[in-house]
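Summary of the model geometry
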Amino acid sequence: MSFFKRLFGSTTETEDLAEADRLFEAKSYFEARLAYERLKDRRDASATTKKHADARISVCFDQLAEARIAEAERLIKDGELELARGELETAAELARTESIRKRAARMLDGAERRDARKVAQLDVHASDDERWAMLAGAWSETQLEEYDEYGEPLRRALLAMDAGDPTSARPILEELARDHEGDGVYLFVELARARSRTGDETGGLKALSLFLDRVPDDDRSEARIHGYVFLAQIAERDGNDEKAIEELQRAIDAMPDDPRPLLNMGVFLRTRGEPEPAVTILEAALSLLDEEQPNWPVHLELALAKRDAGRRTEAIETLERIVRYFLGRSQTDLPAAVAVPLAELHEQTGNLGRAADLYSTLARGSDRENHVVYHREAGRLLKQLGLRQEARRMLTRASALADKSSEISHDIEDILAELEKDEE
């Protein structure tokens, strides 16, 4: 449809309908909604056209709400809870379908719980209510609904567990399990934890297996994921890697549309020395993610698997992409889990300048416990590059941070001595 026709209103109902449908099929939901609203306002629009437009407008509102929810999920992962609240409030207002509106409201509640958890973690004198909110932040809605049925006894038990007192919690949980032997589901996750922490591993495994047998097929809770991982960890601890793989595969089979079980399998395969199969599994996990909202921990694991498989160039490209992801959001405090392997790879491939830059960035970051290491590494590389003044500054700072009796302190002094010798 031409620009002038739209501008001067000389289009037909058929043309406006075709244009609105085109925008809708192109998933341009904001523009499509406006087009359908203009179509409804036509005096000559038929009842059938108006009915079609009304239905499509509702879908457009729902899709716009879904986009807000997706953005909120990304913001929550990035720790931007205040921004996520705004997105979720808007999503609840936009949504025309009740289930989408409720999902936005649940996510908003979840964001508040996570915020409470964060505050509670910073306060060693957190109240019981704050600690309860911290625990609830990790639960699914179905899990919360079940726990509400158990009332104050479960609350006392889980707060005791959180306080490091599983001995007091276990009798309460055992009694609840007897009372709800036929209908309890998530209750048996908590019972498994209590039994395991009081030395009854066999009983813990029995309770956990009961939970995994009863959990609904459509459940995607962290509890279910962690259940399979725990069984795999027990098998690995006992030296039975095949059994561990079987447990992780059960999670994949149970949740084929969820990337997290694939991520767990990929990490397991990489750490046991099978990087190529790990790459395949992790790429499958990535295929289940929305690339418009990148999940950098999955990309990190894929990069490490490629590194271990000898595919250093690909690993560097992936890690640099993660760094750009953070910098694009004005986050200059890079995670050491990303920057350190990237610096090591750059050094291995001869790019000492980039490696030194990454260590220098880490030396200014929040990982203060390892600042001495980052200063030492940056200074060592700058020395190799012939940048003596910059190297001296980094090594001097490293020396000031190091315990004088430690091995790293002696190492730093040796590098400084070499630097002075080179200058002479």
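Since the structure is predicted, the reported quantities are computational estimates derived from the model, not experimental observations.

1. Some words on the overall build of the chain
Helix and strand content of the chain: 22 helices and zero strands. At 28 Å, the chain has a C-alpha radius of gyration far larger than the 22 Å of a compact globule built from 424 residues. Its C-alpha atoms give the chain principal-axis dimensions of roughly 90 × 70 × 45 Å. The burial tally for the chain puts 45% of its 424 residues in the buried class. Sequence separation of at least 24 residues holds for 50% of the intrachain contacts in the chain that already meet a minimum separation of 6. Accessible surface, the chain as shown: approximately 22600 Å² in total, 49% of it carbon and sulfur.

2. Let's talk about the confidence of the model for the chain
Model confidence for the chain is summarised by a mean pLDDT of 86, while 92% of its residues fall at 70 or above. For the chain, per-element mean pLDDT is lowest for helix α1 (residues 3-8), which scores 39, and highest for helix α18 (residues 336-348), which scores 96. Taken together, the stretch residues 1-9 has pLDDT below 50 and engages in ten contacts with residues farther than four places along the chain or on a different chain. In the predicted structure, residues 119-124 sits below a pLDDT of 50 and forms five contacts with residues beyond four places in sequence or in another chain.

3. Some details on the packing of aromatic side chains
Here the structure, examined in full by the defined rule, presents seven aromatic pairs. Judged by centre distance (5.2 Å) and plane angle (70°), the ring pair of Trp296 and Phe326 falls under edge-to-face. Highlighted residues: Trp296 in helix α16 (residues 296-308) and Phe326 in helix α17 (residues 312-327), separated in sequence by 30 residues. Through a chain of ring-to-ring contacts, the aromatic side chains of Phe24, Tyr29 and Tyr36 assemble into a single cluster.

4. Looking at the packing of helix α2 (residues 13-25) against helix α4 (residues 47-77)
One can describe the packing of α2 onto α4 by two numbers: an axis separation of 12 Å at closest approach and a directional angle of 20°. With respect to α4, the axis of α2 lies roughly parallel. Crossing of α2 against α4: the hand is left-handed. Counted together, Glu13, Leu17, Asp21, Phe24 and Glu25 of α2 and Thr49, His52, Arg56, Val59 and Cys60 of α4 form the full contact between these two elements. Here the contact of α2 with α4 is built from residues that sort into four nonpolar, two polar and four charged.

5. Focus: the layout of surface pockets
Using a probe with the size of a water molecule, rolled over the atoms, empty space left in the structure can be pinpointed. The calculated volume of the second largest pocket comes to roughly 550 Å³. Lining the second largest pocket we find 24 residues, and of these Val189, Glu190, Arg193, Ala223 and His226 sit closest to its centre. Looking at the lining of the second largest pocket, the elements that each hand over two or more residues are α7 (128-136), α8 (141-162), α10 (187-197), α11 (201-214) and α12 (222-237). Looking at the lining of the second largest pocket element by element, the count peaks at seven residues for α12. For the lining of the second largest pocket, a count of residues per class yields twelve nonpolar, six polar and six charged.

6. Some remarks on the nonpolar core
Counting 57 residues, the largest nonpolar core has Trp139, Leu154, Leu173 and Phe211 as the members making the most contacts within it. Top element by residues in this core is α8. It accounts for nine residues. Judged by nonpolar contacts, the second largest core, of 38 residues, contains Leu334, Ala356, Leu358 and Ala398.

7. Some words on unusual backbone geometry
Positioned with a positive phi, Lys27 is a non-glycine residue whose angle comes to about 65°. Following the sequence through the fold, Lys27 ends up in the loop between α2 and α3 (29-41). For Lys27, a relative accessible area of 61% puts it in the exposed group. In this model, Ser330 sits at a positive phi of 60°, which is unusual for a non-glycine residue. With respect to the secondary-structure elements, Ser330 resides in the loop between α17 and α18. The exposed category is assigned to Ser330, whose relative accessible area is 66%.

8. Here we look at the side chain of Arg376
The residue Arg376 is located in helix α20 (residues 371-384) in this model. On the basis of relative accessible area, Arg376 is assigned to the buried category, the value being 14%. Among the polar contacts listed, one links the side chain of Arg376 to the side chain of Glu377, at a separation of 2.5 Å. Once residues within four sequence positions are removed from consideration, Arg376 is found in contact with Leu395, Ala398, Ile408, Asp411, Ile412 and Ile415.

Quick notes on the rules
- Residues numbered from 1 in each chain as written.
- Predicted model: local features only at pLDDT ≥ 70, side-chain atom pairs only at ≥ 80, totals over all residues.
- Heavy atoms only, no water.
- Helix = DSSP H or I, 4+ residues; strand = E, 2+ residues; numbered from the N terminus.
- Rg over C-alpha atoms; globule rule 2.2 N^0.38 Å.
- Buried < 20%, exposed > 50% of the residue type's maximum accessible area, 1.4 Å probe, protein only.
- Contact = heavy atoms within 4.5 Å.
- Areas by Shrake-Rupley, 256 points an atom, 1.4 Å probe, with all protein chains shown as cover.
- pLDDT = per-residue confidence, 0-100.
- Phe/Tyr/Trp six-rings, centres within 6.5 Å; stacked < 30°, edge-to-face > 60°.
- Axes fitted to C-alpha atoms, helices over the stretch in contact; angles between N-to-C directions.
- Parallel < 35°, antiparallel > 145°, perpendicular 65-115°, else oblique.
- Left-handed = near helix turned anticlockwise from the far one by under 90°.
- Nonpolar A, V, L, I, M, F, W, Y, C, P; charged D, E, K, R; others polar.
- 1 Å grid on protein atoms, 1.4 Å probe; cavity = no way out; pocket = protein on both sides within 12 Å on 5 of 7 lines; lining within 4 Å.
- Points joined across faces, edges and corners; volume = space filled by probe spheres on them.
- Core = buried A, V, L, I, M, F, W, Y, C linked by side-chain atoms within 4.5 Å.
- Polar contact = N/O pair within 3.5 Å; in protein donor to acceptor, adjacent residues only side chain to side chain.

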